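# Observations on the three-dimensional arrangement
As a plain string of letters, each chain reads:
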Amino acid sequence: MVNFRERPVKSILFLLMLAVIIVYLLFPFYWAINSSLKTESQLFMTPATMIPRDPVTLEFRPYWGNYIHIFQSGQFVRGLRNSVIVATLATLLALSVGTFAAFALGKLRFRGKTASLYIILAMTMFPQVTILAGLYAIITRLPLGTIPGMIFSYLIFTLPFTTWVMTSFFKDLPIEIMQSAQVDGATPFQTFYKILLPLTAPALVTCGLLAFIQAWNEYIFALTFTAIDPGARTVPVAIALFTGEAAMQEPMGETLAAAVVVTVPVVVLVLIFQNRIVEGLTAGAVKG
Amino acid sequence: MDLQKRERRLAYKLMAPAMVVLLVVALYPLGHVFYTSFTDRVFAGARDAQFIGLENYHRLLAVTVEELPPVIDEETGEQQIDEETGKPVYERPIRVLPRQPHAYRELTTFSLFGSRYVLGARTPNFIRAIGNTLYFTIVSVFLETVLGLLIALVVNSEFKGRGLMRATMLVPWAVITVVSARMWEWMFASSRAGFFNMLLDRFGLIDRSIPFLTLRSFQVPAMIAIDVWKTTPFMALLILAGLQMIPQELYEAARVDGAGKIRRFFTITLPLLKPAIAVALVFRTLDALRVFDLFQVLLARSRYSMASFNYYELVANRNMGLSSATGVIIFIIIFIFAIIYMQMLGVEE
Amino acid sequence: MKKLLILMLSLSLVLFFGVGNVQAEYDVELTIIGGAVGEEFETTVRAAEMYMEENPNVHVEVLDSPDSADERLSLYLSFFEAESPEVDVYQIDVIWPGELEDHFLDLYEYGAEEYVDMHFEHIVENNTNIDGELIAMPWFTDAGLLYYRKDLLDKYGLDVPETWAELEEYAGIILDGEREHNPDFEGFVWQGSAYEGLTTNVLEWFASNQGGTFISPEGVITVLNERNQEMLEMAAGWVGDISPAGITAFMEEDARAIWHDGNAAFMRNWPYAYSLSLETDAFEPEDFGVAPLPAGEDGEPAATLGGWNVAVSQYSEHPEEAADLAFFLAGWDVQKMRATDASLNPTIPELYEDEDVLEANPFMEELFDVFVNAVPRPSTVTGDNYSAASSIIYTEVHSVLTGEQDALTALEYMELELQDLTGFEIGQP
């Protein structure tokens, strides 16, 4: 599409649009990075500065203390580990359970389809705080540890999402593919596993990423379930428990530093999945 | 016949895990909310809850209209005129609205056929919260869909660095929600320590800093702007996945038939994207209707969304019954939206 | 792709089972939940260690919880809703004894008489419910203060204001002068957002102007009177004048951000801002001071009582030991350690004369009078309705500050709604 020699005006317009989109999406994040490199005095400076500057001399002076602090606190590092476990397992569980259900809902004939679809959606239609009390009662009664408990409770919002998204994509696939596979003697499940699943790879990966981030960012459930088990705290909880030197002081710089640090692995994950996995999966489908 | 039976049996088997999860994790909490919404239960209260029927719903939704009688000047026998504003004076709503059996408060006043009326509600804040949330939802979901589609189309075209672009595009969605709300609060700060006041000041557009978050007409639009920033990537990515699944052969065929780019977009791309867009819309709307963090962090109790009202009712007032009822109302509104989308986009067969 | 998935799955599983933590066996395991802030948390851990040294059969675990009082309360409520025995001792806000009385033990039944007398009387009263049960032991205290810039007062030849009218006047004078070279300057910053902090500010205005404390300890609603109306109208006039227009969204940290950058002449805040103000680049440590808040024309200054207490859960499996731990934490040794190491203001008057404490915190001597006269919010008399009562108060006041309602209407509604909520009588302060 970008071909300067053939269509210079069009290419420039396209690049301009790209630039606008990038600035719009990334500038607030830049502001977070900028603020995370400031001391409290630099943060409170008026007017605010586009890069960290010394309050007196106005020289460029980034402050790395916020980053050092968060890595020195064991909470944050442990939180990263817990978040990886919880979000990964919740996503994989939701993806597998959801894809099974989605295949049935999208491609098989049985009664009560629409109703099932809405019942599954109903799981996630209440505000989180409303179901918290009931959910807490269940989770504490189930003979699970804190982390498995969290993973199961996250299915409340990840499962409806994966089910619905995958259902819509299964529906999209032409029915002929299934029929021709059945003619070849494949069982419906083989058709599903060997043919349809690879075809929906882009959806599967996207859906997984979005569900992963939802689980990664979840806060209220995690705060409540891990209150008595500090070892199981996830990143959002660890960040929320950052404190200043004194009670009431908001550790703005450290909070933003942590947010920056936490965003990076997610972006890396997207990079890996978008390029390698999608292509790998689609290639597999073509071969099969 | 046999095949159909086998298919049905497979379907039930495949549905089973999801249903088990639903039963174990969701059934009790959900049922609990419905049940509690008919009681006067106190959050962590020592008293036993009483069944009170629809009282919570009445309390949340009841409205009344009363006429405001003019204030008569005793000397002239005519209606008093306010000296400052020059407008006729009517009785204050607080004197007119009923107090028994339930107290009503002013929601708004309006004039009709020469008389002045007051619209009262038992819980004006919740009625306002419904308004705020619907306004927020409709505008932000609309903008997110349009922008998301645009971004998805751009990112779907071939260019160098496309992979990197797809990753950066996801950054706003990946920033932890709790922190992103705080970050925006800081950017909207009412002094020049905030980014927006600094920027406006640098370009000489303002004399005094603007307290953005206390300007009532600015509050919900600000929430919309932040939400659009944060969740457009979600839309874009889901639509992108839809785009990637459209077989290239269809475009080839259309090109051979001589269809232009725009025509191809409307005859191939958009119809085939419908299911992806429908699902994205359902989940965005569902999240938007439950918007909580943004309102709680940036507007606290100066302006409510339905979910932040629900939160404060539960945590600050410990009114679990009432808060459950707000949850059920949110639930019903979401259901209505979901059905409308599925019908409108013809996704259901 | 399959390989990667399997790798991720097994990696997660390995991490997952590596998490469980093994605990040693003790006769009694106690858990205390409280503040997460650096030194506050560390000194709690140290106090727990001191206790374990004296009681080798007991193991005490310290849990942290969010610094935001709202979030901490909702977390506690979730525990109580589930009647969880996991936490034995709770650190509770000074406004929670009434709210949470159903979930805590009466400490008098565990021998509190022996210990209460040495604490500030008004805090003990605050922690005693209508039935005479002691819900919590005082742990550390807080009170609203007026921070002022000495250098600016000197520059304009002014004294520390003693009445609200003086404050308004002086702030205006300094503001007019400083704005000429500093467009960001503000006269007086405080907490005007619609939240508990606004209730604490309003209590200081009303109580210092002889307008009562919203609800008297005997259960009489005293909000609707001319003094309060006058005070409220005055405060509404500050918004956008001596105080920034955005003050109606200010919490403690928003006020401090402006103060910290040297852009405010006066600030109403808690003592925590004192040590943080020593670190700013915008003014020298000797250029600021703290004083009691101003009063009305013929009133006495009032500072809202803040601070935290320790209470023992009803659902604890070891109530005896937990109560003993609470007494120990609230006792002389721990309070002294926490005052010297973490600047937490003791609730034991004698500690304000202790040399070690004063050496570490010279300002505590000055503040003693403020602490001893601090005014509690009506949280005990309202029982589990306090949060709801307070939200009525700050919602109505907030609407006056933002200009949506006039002061009279707001006070009328405040009175009506407080009456509907509590069923108390209406009277004059």
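Residues numbered from 1 in each chain as written. Chains lettered and ligands numbered in written order. Predicted model: local features only at pLDDT ≥ 70, side-chain atom pairs only at ≥ 80, totals over all residues. Heavy atoms only, no water.

## Points about the interface of chain B and chain C
Quick reminder of the rule: The contact criterion used is simple: two residues touch if any of their non-hydrogen atoms lie within 4.5 Å. As a working definition, buried area equals the accessible area (1.4 Å probe) given up by two parts on being put together, with both sides summed. Salt bridge, as used here, is a side-chain nitrogen of Lys or Arg placed within 4 Å of a carboxyl oxygen of Asp or Glu. Numbering of helices and strands runs from the N terminus, with a helix taken as a DSSP run of H or I at least four residues long and a strand as a DSSP run of E at least two residues long. Following the grouping adopted for this structure description, the nonpolar residues are Ala, Val, Leu, Ile, Met, Phe, Trp, Tyr, Cys and Pro, the charged ones are Asp, Glu, Lys and Arg, and the polar ones are all others, Gly among them.
Facing the 30 residues of chain B at the interface are 40 residues of chain C. When the buried area of chain B at its contact with chain C is split by residue, B:I94, B:R105 and B:R318 rank highest and sum to 19% of it. On the surface where chain B and chain C come into contact, there are 11 salt bridges. In this structure, the salt-bridge partner of B:R41 is C:E81, at a minimum N-O distance of 2.4 Å. For the side of chain B that touches chain C, the elements supplying multiple residues, two or more each, are α3 (93-96), β2 (105-112) and α13 (306-315) of chain B. Here the side of chain B that touches chain C takes 3 residues from α13(B), the largest share from any one element. Among the residues forming the side of chain B that touches chain C, the class breakdown is 14 nonpolar, 4 polar and 12 charged.

## So, the confidence of the model for chain A
Residues and elements named next belong to chain A. Here is the rule: Values of pLDDT, ranging from 0 to 100, describe the predictor's confidence in every residue of the model.
For chain A, per-residue confidence averages 86 on the pLDDT scale, and 93% of positions sit at 70 or higher. Confidence, expressed as mean pLDDT per element, reaches its minimum in chain A at helix α13 (residues 252-287) with 74 and its maximum at helix α4 (residues 74-107) with 93. Within the model, the stretch residues 284-288 combines pLDDT values under 50 with 2 contacts to residues more than four positions away or in other chains.

## Quick look at the pattern of salt bridges
Put simply, the rule reads: The classification of residues rests on relative accessible area computed with a 1.4 Å probe and restricted to protein chains. Under 20% of the type maximum is buried, over 50% is exposed, and intermediate values are partly exposed.
Enumeration according to the criterion identifies 33 salt bridges over all chains in this entry. Close ionic contact of B:E55 with B:R122 constitutes a salt bridge, the shortest N to O distance being 3.1 Å. Pair noted here: B:E55 is in helix α2 (residues 55-61) and B:R122 is in the loop between β3 (115-121) and α4 (124-156), with a separation of 67 residues, a long-range link. We classify B:R122 as buried; its relative accessible area is 15%. C:E99 is the partner of B:R318 in a salt bridge, and the nearest nitrogen-oxygen pair spans 3.2 Å. With B:R318 in the loop between α13 and α14 (320-344) and C:E99 in helix α4 (residues 96-100), this residue pair bridges two chains.

## Re the interface of chain B and chain A
For clarity, the cut-off: By the criterion applied in these results, polar contacts are pairs of N or O atoms within 3.5 Å in which, for protein atoms, one can donate a hydrogen and the other can accept it, and in which residues neighboring in sequence qualify only through two side-chain atoms.
Contacts between the two partners involve 101 residues from chain B, matched on the other side by 101 residues from chain A. Viewed at the interface, chain A and chain B are joined by 1 salt bridge. In this structure, A:R109 and B:E7 form a salt bridge, with 2.9 Å as the shortest nitrogen-oxygen distance. For the pair chain B and chain A, the number of links is 8 residue pairs in polar contact (both at pLDDT 80 or more). The leading source of residues in the side of chain B that touches chain A is helix α1 (residues 2-36) of chain B, at 23 residues. Residue classes in the side of chain B that touches chain A are distributed as 73 nonpolar, 14 polar and 14 charged.

## Concerning the packing of aromatic side chains
Stated formally: Any Phe, Tyr or Trp ring, taking Trp's six-membered ring, that has another such ring centre within 6.5 Å forms a pair; planes under 30 degrees apart are called stacked, those over 60 apart edge-to-face, and the others tilted. Charge over a ring is defined by NZ of Lys or CZ of Arg lying within 6 Å of the ring centre and within 35 degrees of the ring normal.
Throughout the structure, instances matching the rule amount to 75 aromatic pairs over all chains. Here C:F80 and C:Y315 contribute two aromatic rings whose centre-to-centre distance is 6.3 Å and whose plane-to-plane angle is 45°, an arrangement assigned as tilted. Of this pair, C:F80 sits in helix α3 (residues 69-81) while C:Y315 is found in the loop between β10 (305-312) and α13 (319-330), placing the two residues 235 residues apart along the sequence. No difference in accessibility class separates C:F80 from C:Y315, as the two residues are buried. Over the ring of A:W31 we find A:K38, and its NZ or CZ is 5.5 Å from the ring centre. Its guanidinium or amino end placed over the ring of C:W308, C:R72 lies 4.6 Å from that ring's centre, counting from NZ or CZ.

## A look at the domain arrangement of chain C
All names here are of chain C. Condition: Residue ranges labeled as domains rest on an automatic or database domain assignment.
Domain boundaries in chain C define domain 1 (26-135 + 306-372) and domain 2 (145-304 + 382-426). Buried area between domain 1 and domain 2, both sides added, is near 1,000 Å², and the carbon and sulfur share of it is 67%. At the junction of domain 1 and domain 2, the tally comes to 0 salt bridges. Seen at the junction of domain 1 and domain 2, the total is 3 residue pairs in polar contact (both at pLDDT 80 or more). Among the secondary structure elements, those contributing two or more residues to the side of domain 1 that touches domain 2 are α4 and α16 (363-372). With 5 residues, the top contributor of residues to the side of domain 1 that touches domain 2 is α16.

## Focus on helix α10 (residues 226-238) of chain C
All names here are of chain C. Condition: Helices are assigned an expected span. That span is 1.5 Å times one less than the residue count.
Here α10 is 13 residues long and its end C-alpha atoms lie 19 Å apart, about the 18 Å a rise of 1.5 Å per residue gives. On its buried side, α10 packs onto α8 (164-179), β6 (186-189), α9 (196-208), α17 (386-401) and α18 (407-422). By the N-cap criterion, in which a side-chain oxygen at the helix start approaches the backbone nitrogen of a residue two or three places on, α10 is capped by N225, the distance to R227 being 3.2 Å. Backbone geometry just after α10 places G240 at a positive phi near 80°.

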